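Take a look at the letters that make up each chain.
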Amino acid sequence: MGIKKSKEKISKVKGENEDFFLQVYQVVRLIPKGRVTSYGAIAKYLSAPKASRSVGYAMNTSHTKKPVVPAHRVVNRDGLLTGKHHFSPSSSMQKKLEAEGIKVKKDQVLNFKKVFWDPTIELAL
DNA sequence: CGATTGACGTACG
DNA sequence: TCGTACGCCAATC
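Computed from a prediction, not measured in an experiment: that's the story for all the values here.

### Observations regarding the layout of surface pockets
Thought 1: By volume, the largest pocket is sized at about 480 Å³.
Thought 2: Taken together, 20 residues make up the lining of the largest pocket; nearest its centre are M59, S62, A71, H86 and F87.
Thought 3: At the level of elements, helix 3 (52-60) and helix 4 (91-99) are the ones that each hand at least two residues to the lining of the largest pocket.
Thought 4: When its residues are assigned to classes, the lining of the largest pocket shows nine nonpolar, ten polar and one charged.

### Describing the confidence of the model for chain A
Thought 1: Mean pLDDT over chain A: 85, with 85% of residues reaching 70 or higher.
Thought 2: Predicted confidence for residues 1-17 stays below pLDDT 50, and this span has two contacts to residues more than four positions away or in other chains.

### Let's talk about the packing of aromatic side chains
Thought 1: All told, the structure shown has three aromatic pairs when counted by the stated rule.
Thought 2: Consider the rings of F20 and F21, whose centres lie 6.5 Å apart with planes at 55°: the pair is tilted.
Thought 3: What makes F21 partly exposed here is its relative accessible area of 27%.
Thought 4: Between F21 and Y25, the aromatic rings sit 6.0 Å apart at their centres with planes inclined by 90°, giving edge-to-face as the arrangement. Of the two residues, F21 and Y25 are both situated in helix 1 (residues 17-29); the distance of four residues between them amounts to about one turn of the helix.
Thought 5: Cluster of aromatic residues (ring-pair linked, three or more members): F20, F21 and Y25.

Parameters at a glance
Residues numbered from 1 in each chain as written. Chains lettered and ligands numbered in written order. Predicted model: local features only at pLDDT ≥ 70, side-chain atom pairs only at ≥ 80, totals over all residues. Heavy atoms only, no water. 1 Å grid on protein atoms, 1.4 Å probe; cavity = no way out; pocket = protein on both sides within 12 Å on 5 of 7 lines; lining within 4 Å. Points joined across faces, edges and corners; volume = space filled by probe spheres on them. Helix = DSSP H or I, 4+ residues; strand = E, 2+ residues; numbered from the N terminus. Nonpolar A, V, L, I, M, F, W, Y, C, P; charged D, E, K, R; others polar. pLDDT = per-residue confidence, 0-100. Contact = heavy atoms within 4.5 Å. Phe/Tyr/Trp six-rings, centres within 6.5 Å; stacked < 30°, edge-to-face > 60°. Buried < 20%, exposed > 50% of the residue type's maximum accessible area, 1.4 Å probe, protein only.

Rendered as structure tokens:
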């Protein structure tokens, strides 16, 4: 019988865990043009309000997923483009947002509350 | 398998 | 009101 090798991960079972990332990507793709959301809102929608960090981590690898995830529509709860440094160039994030009608000033989304798109409400789980 | 990191968020001083 | 510390969850080294 196959005793687990040292390289095998037994601390966690792979399965629905992968869904978490997929759910994150899916929700981000559902963000309407000209709207933005926050990591916490997505995490909360996935029944993990404290997993906001994991959502951010998921976005980190989002650029390798297809179709391309509009990560530029995801900001922190303050409406700050905290993830802009992950874009190349970093200013491209703001540029994309402005191209959608979202005004950005000093890495901050103007009228953030107005353009905020809450999946827990819009998707009405 | 254990420790560290990270595009966050909330609590505390 | 602002700044700092801690917690949470998953991935990576």
